[in-house]
Amino acid sequence: MRLDKFLKVSRMIKRRTLAKEVCDGGRVSINEKVAKAGSEVKAGDILTIRFGQKLVTAKVERIAENVPKDMADTLYTIVKEEAVH
């Protein structure tokens, strides 16, 4: 699945256009490599996303096209969150 779509489906980022901007801005990496919006994401990948002053690391647990809102957080596990200065 495309990275921008995964971020939207998992609700880590609310809108796909915003997810695309974040990816193309170089603020997302997959397995420690900077990723573009079209990069492929698969189960087991480690995503690192920079949200302003926060760095979030999450492990992709599974890929799904459509997920109910209350099940969205089953697609990933937060590994760590840290403040960035």
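First things first, this report covers the structure right here in the doc. Sequence order as written defines the numbering, with residues in each chain counted from 1. Two thresholds apply to this predicted model, a pLDDT of at least 70 for residue-level local features and 80 or more for giving and counting side-chain atom pairs, whereas whole-chain, interface and lining totals are computed over all residues. To obtain the side-chain values, all non-hydrogen atoms of the structure were used and water was disregarded.

### A few points about the overall build of the chain
Point 1. Strands are runs of DSSP state E lasting at least 2 residues, helices are runs of H or I lasting at least 4, and numbering of each runs from the N terminus. From N to C terminus, the chain includes two helices and five strands.
Point 2. For the chain, the α and β elements follow one another from N to C terminus as α-α-β-β-β-β-β.
Point 3. Here the C-alpha atoms of the chain give a radius of gyration of 12 Å, agreeing with the 12 Å that 2.2 N^0.38 yields for 85 residues.
Point 4. Projected onto its principal axes, the C-alpha coordinates of the chain cover approximately 35 × 25 × 20 Å.
Point 5. By the burial criterion, 38% of the 85 residues in the chain qualify as buried.
Point 6. Under the convention used here, Asp and Glu are negative, Lys and Arg are positive, and both His and the chain ends fall outside the count. For charged residues, the charge sits on one atom: NZ in Lys, CZ in Arg, CG in Asp, CD in Glu. Put simply, the chain has 18 plus and 12 minus side-chain charges, and the middle of one group is 4 Å from the middle of the other. Radius of gyration: C-alpha atoms only; globule rule: 2.2 Å multiplied by the number of residues to the exponent 0.38. Between buried and exposed lies partly exposed: a residue is buried under 20% and exposed over 50% of the maximum accessible area for its type, with that area taken using a 1.4 Å probe on protein chains only.

### With respect to the pattern of salt bridges
Point 1. Salt bridge criterion: a side-chain nitrogen from Lys or Arg within 4 Å of a carboxyl oxygen from Asp or Glu. Summed over the entire model, instances satisfying the criterion amount to seven salt bridges.
Point 2. Among the salt bridges present, the one from Lys5 reaches Glu65, with a minimum N-O distance of 2.5 Å. In this pair, Lys5 is assigned in helix α1 (residues 3-9) and Glu65 in the loop between β4 (54-60) and β5 (76-83), connecting sequence segments 60 residues apart.
Point 3. For Lys5, a relative accessible area of 24% puts it in the partly exposed group.
Point 4. Assessed through its relative accessible area of 46%, Glu65 is described here as partly exposed.
Point 5. Between Asp24 and Lys20 there is a salt bridge, with its nearest N and O atoms 2.8 Å apart. Here Lys20 and Asp24 lie together in helix α2 (residues 16-24), a separation of four residues that amounts to about one turn.
Point 6. Classification of Lys20 by relative accessible area gives partly exposed; the value is 38%.

### Considering a positive patch on the surface
Point 1. Exposure above 30% relative accessible area and the absence of a salt bridge qualify a residue for a patch, where like charges join within 9 Å and nonpolar side chains (Val, Leu, Ile, Met, Phe, Trp, Tyr) within 5 Å. We get accessible surface area from the Shrake-Rupley algorithm with a probe of 1.4 Å; when it comes to residues, only the shown protein chains can shield them. Taken together, the side chains of Lys8, Arg11, Lys14 and Lys69 define a basic patch exposed on the protein surface.
Point 2. Structurally, the position occupied by Lys8 is in helix α1.
Point 3. Taking the relative accessible area as the measure of exposure, Lys8 reaches 38% and is therefore partly exposed.

### Digging into the nonpolar core
Point 1. What we call a nonpolar core is a set of buried Ala, Val, Leu, Ile, Met, Phe, Trp, Tyr and Cys residues that are connected through their side-chain atoms within 4.5 Å. Membership of the largest hydrophobic core comes to 23 residues, with the highest contact counts inside it found for Leu3, Phe6, Leu7, Met12, Val28, Leu47 and Leu75.
Point 2. Broken down by secondary-structure element, the contributors of at least two residues to this core are α1, α2, β1 (28-30), β3 (46-51) and β4.
Point 3. Top element by residues in this core is α1. It accounts for four residues.
Point 4. By definition in these notes, contact holds between two residues if any of their heavy atoms fall within 4.5 Å. With near-sequence residues (within four places) excluded, Met12 lies in contact with Phe6, Leu7, Ile49, Phe51, Ala58 and Tyr76.

### Focus on the environment of Glu61
Point 1. Topologically, Glu61 is positioned in the loop between β4 and β5.
Point 2. When its relative accessible area of 35% is taken as the criterion, Glu61 is described as partly exposed.
Point 3. Along the primary structure Glu61 and Ala43 are separated by 18 residues, whereas in three dimensions their C-alpha atoms are 5.2 Å apart.

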